[in-house]
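Summary of structural features
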Amino acid sequence: MVSFDTKSYSKKLLLLISWSHWFTFFNIIAAIALSSYYLFSEEAPTTLLGQAYLVTTWVSHIAFLTFMSFVLVLFPITLIFPNTKFIRTTASIIFTLGLLLLVLDAFIYSRLGYHLNASSNEQIISLLQDIAKENTLFYFIGGALAIVILGFEFIVSNYAWKHLKQLQKTVFARYVTFGLVLSFFFSHLTHVQADVNLNYDILRQDTVLPLSYPTTARTLLTKYGLFNKVDYIERKNSPLAFSQAIPQYPSLEKNRFVEQYCPAIKKEKVSNSVFLVLSEQQVSISQLNQFVRRISTASLSLTNNIDTGVNDDAWFNLFYSLPSLYQKDILKQNVKPILFQMIEEKSLATSLTVISNELSPSALSKSETMNTQNDDVAIVEPRWFESLFTEQVALENVSSLLFSKKLNNKPAGLHIIYFKGNQADNNNQDTVNNQYQFELFTDALLLAQKQKQQKDIIWISAIGNQGNETRLNTKPALFIYPTTSNKVNNEQVTFNTSIMDLQPTLLSQWLGCAVNNQQNGSDLTQINKNRIIANTTNNGIIIFDRDKSVFVDQNGNFQSYSSQFSSPITVNEDFPLMIDGVHFIKRFSEQPNQ
């Protein structure tokens, strides 16, 4: 009796294992067919070897993943509980989920440039939610696809079981299997050779298929056009640069601005001003909380504000709402920032006031004196952005700016007050004095607002970094703006924000411009979810996630900094995060050049 049960169990098990092999074989064919979507998401290789590698790695890699699903999941279940109906039903459900996951991964890759992963689940979920909002049939299509795949699995399962003996006598599967194994070894040996010889045409395919070879940051940066692939082999420490020409910056004269950036402009006259109070030294949260107590309208406390620029890079990020990588090419185009074009269109004033105790008689003598009633006012040393302002002044202190009447009588327009001081030495008396004057002026400005019927828009923050050591930190900022309800409330914004958000915010909240999403910045008052924000340096890319910042140099080295613990951390290479950062940086360059 025991012998009979043993033979029955063995026979049943052998039949199920034989069936499961054929069932997996048909699923391999289906998986290869569905995964062809990956190939359409990438440019075709340019060399014959690259094309051969693409085909062989595609079919062998997908076949391997499908077979491993059988080995790791279905085979152990078959050994434990070899019940025919249970195994066939379970196998159909397992492979249905696997093929659906494959289709979802291919779709995510085509949209975001990376595969399903835990570190980018927030971006993936947000993408799916946005698509579902735009297309009401999204969930219906997904459900219909699941039903179709499940139906296919039941049909294949039934066919393989009923025709198992005939299938066991066929020989075509041997040739297919041999071809897949040969493709597997060919693709792996080709990749090893490409890795040694830095064959870019093959290495750039590393991330196309799910769970494939980990690529290097240098290869990815070249793939996304931040390095020239012609110089891929020779490149060691070359700076970032676009491999193709960037689009022309929008100009109001050419009407491209109206079509792409500001399709709806309010014609009403602007009667209030914008004050940007900027400090070269870092501003603390405690300082901003002190200012909040003096406001007389709505405000946003930006606790995770980002400013990675050094020297003039930060001003470029502020005025053009673009990463620093664009600075050289954009400035050559000699087109003013969108904000300043709109200011000119509405005949508003612009002024730049620099407060610095570094001013000396010798420095002043090198500058042209302004036509003003104050004898102590002069133009500071010229920098590229100063030509944007109709009035440029420099003061050694804020004593002449503390009067409410003078502040409230400034003509409607954009007024920047920049406190320039050395922050390298915290014990320097000049630095302390500069901070004191910064706080003194800001208090006076906020108190003066209480006397105005038409409130102004005010931005308070630091600008720029004196060195690389603070570039991975977040720099808090305070944005104060009038609302129709005139409620005095302060909202804590913990989402990532950036100084690149300021220009689109002013266009929307001040100049009545219905800004779309074709800029790198967003309206601060409309931000309701976390974003990946990135900027470039001469040595690499800085990417900011919700709770960490990552620096990737041109050699592919990753350095991470925890915002929560305010200290460096060690993390694995996060390529999805880097790809998100690259997409952010390239948003402007991917627009059509008109």
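Residues numbered from 1 in each chain as written. Predicted model: local features only at pLDDT ≥ 70, side-chain atom pairs only at ≥ 80, totals over all residues. Heavy atoms only, no water.

Per the secondary structure count, the protein includes 20 helices and 15 strands. Expressed as a percentage of its 594 residues, the buried residues of the protein come to 51%. Sequence separation of 24 or more characterises 74% of the internal contacts of the protein that already satisfy a separation of 6 or more. Accessible area of the protein: about 29,200 Å², with a carbon and sulfur share of 57%. (Helix = DSSP H or I, 4+ residues; strand = E, 2+ residues; numbered from the N terminus. Buried < 20%, exposed > 50% of the residue type's maximum accessible area, 1.4 Å probe, protein only. Contact = heavy atoms within 4.5 Å. Areas by Shrake-Rupley, 256 points an atom, 1.4 Å probe, with all protein chains shown as cover.)

On the basis of which strands lie adjacent, the open sheet formed by 8 strands has the order E5-E4-E6-E1-E7-E8-E2-E9 and mixed pairing. Taken across any chain shown, the strands that pair with only one partner, and hence form the sheet edges, are strand E5 (391–395) and strand E9 (490–493). The mean angle between the axes of side-by-side strands here comes to 15°, regardless of whether they run parallel or antiparallel. As paired elements, strand E4 (residues 349–355) and strand E6 (residues 413–419) share 7 bridges and run parallel to each other. Residue pairing across strands places Ile 355 opposite Phe 419, the latter belonging to E6. (Pairing = 2+ DSSP bridges. Axes fitted to C-alpha atoms, helices over the stretch in contact; angles between N-to-C directions.)

Before going further, it helps to examine the confidence of the model for the protein. Across the protein, pLDDT averages 83, with 85% of residues at or above 70. The least confident element of the protein is helix H16 (residues 361–365), whose mean pLDDT is 33; the most confident is strand E1 (residues 274–279), at 95. Low pLDDT (under 50) marks residues 360–380, which in the prediction has 28 contacts with non-local residues, meaning those over four places away or in another chain. (pLDDT = per-residue confidence, 0-100.)

Time to look at helix H12 (residues 285–292). Every buried residue of H12 is accounted for by Gln 287, Leu 288, Phe 291 and Val 292. Projected onto a plane normal to the axis of H12, the buried residues spread over an arc of 145° and lie on a single side. (Arc of directions from axis to C-beta.)

Secondary-structure assignment places Trp 384 in the loop between H16 and E5. Here the alpha-carbon distance between Trp 384 and Asp 312, two residues 72 residues apart in the chain, equals 8.3 Å.

Within strand E14 (residues 558–562), 4 of the 5 residues are buried, which leaves the element mostly enclosed by the surrounding structure. The pairing of strand E13 (residues 548–553) with E14 spans 5 bridges and is antiparallel. For Val 550, the partnering residue across the bridge sits in E14 and is Ser 560. Counted along the chain from E13 to the antiparallel partner E14, the turn is 4 residues long, and its residue Gly 556 has a positive phi close to 90°.

What follows covers a nonpolar patch on the surface. On the surface, Leu 79, Ile 80, Phe 81 and Phe 86 cluster together into a nonpolar patch covering about 400 Å² of accessible area. Mapped onto the elements of the fold, Phe 86 is located in helix H4 (residues 84–112). (Patch = residues over 30% accessible without salt bridge, like charges linked within 9 Å, V, L, I, M, F, W, Y side chains within 5 Å. Salt bridge = Lys/Arg side-chain N within 4 Å of Asp/Glu carboxyl O.)

This part covers unusual backbone geometry. In this model, Ser 321 sits at a positive phi of 55°, which is unusual for a non-glycine residue. For Asn 334, which is not glycine, the phi dihedral falls at a positive 55°. Within the element layout of this structure, Asn 334 appears in the loop between helix H14 (327–333) and helix H15 (338–345). Of the residues examined, Asn 334 reaches a relative accessible area of 70% and is grouped as exposed.

Grouped together as the largest cluster of nonpolar side chains are 87 residues, with contacts concentrated most on Phe 319, Trp 459 and Trp 510. Looking at this core, the element that brings in the most residues is helix H20 (residues 575–585), giving 7 residues. Residue contacts for Trp 510: discarding those within four places in its chain leaves Val 270, Asn 272, Ser 273, Val 274, Leu 339, Ile 343, Leu 348, Gly 413, Leu 414, Ile 457 and Thr 505. In terms of nonpolar packing, the next biggest core, distinct from the first, is built from 24 residues, Leu 288, Leu 401, Ile 460 and Ala 462 among them. (Core = buried A, V, L, I, M, F, W, Y, C linked by side-chain atoms within 4.5 Å.)

Next up on the list: the side chain of Asp 574. With respect to the secondary-structure elements, Asp 574 resides in the loop between strand E15 (567–569) and H20. Only 3.2 Å separates the side chain of Asp 574 from the backbone nitrogen of Leu 577, close enough to count as a polar contact. Those residues in contact with Asp 574 that lie beyond four places of it in its chain are Ser 119, Lys 548 and Phe 558. (Polar contact = N/O pair within 3.5 Å; in protein donor to acceptor, adjacent residues only side chain to side chain.)

Bringing the pattern of salt bridges into the picture now. Evaluation of the coordinates by the stated rule reveals 9 salt bridges. With a closest N to O distance of 3.3 Å, Asp 130 and Lys 529 form a salt bridge. In this pair, Asp 130 sits in helix H5 (residues 121–134) while Lys 529 sits in the loop between helix H19 (502–509) and strand E11 (533–536), placing the two residues 399 residues apart along the sequence. By relative accessible area, Lys 529 is classed as partly exposed at 36%.

Most of H15 is tucked away, with 6 of its 8 residues classed as buried. Turning to H15, its buried residues are Ile 338, Leu 339, Phe 340, Gln 341, Met 342 and Ile 343. With its phi angle positive at about 55°, Ser 347 sits one or two positions after the end of H15.

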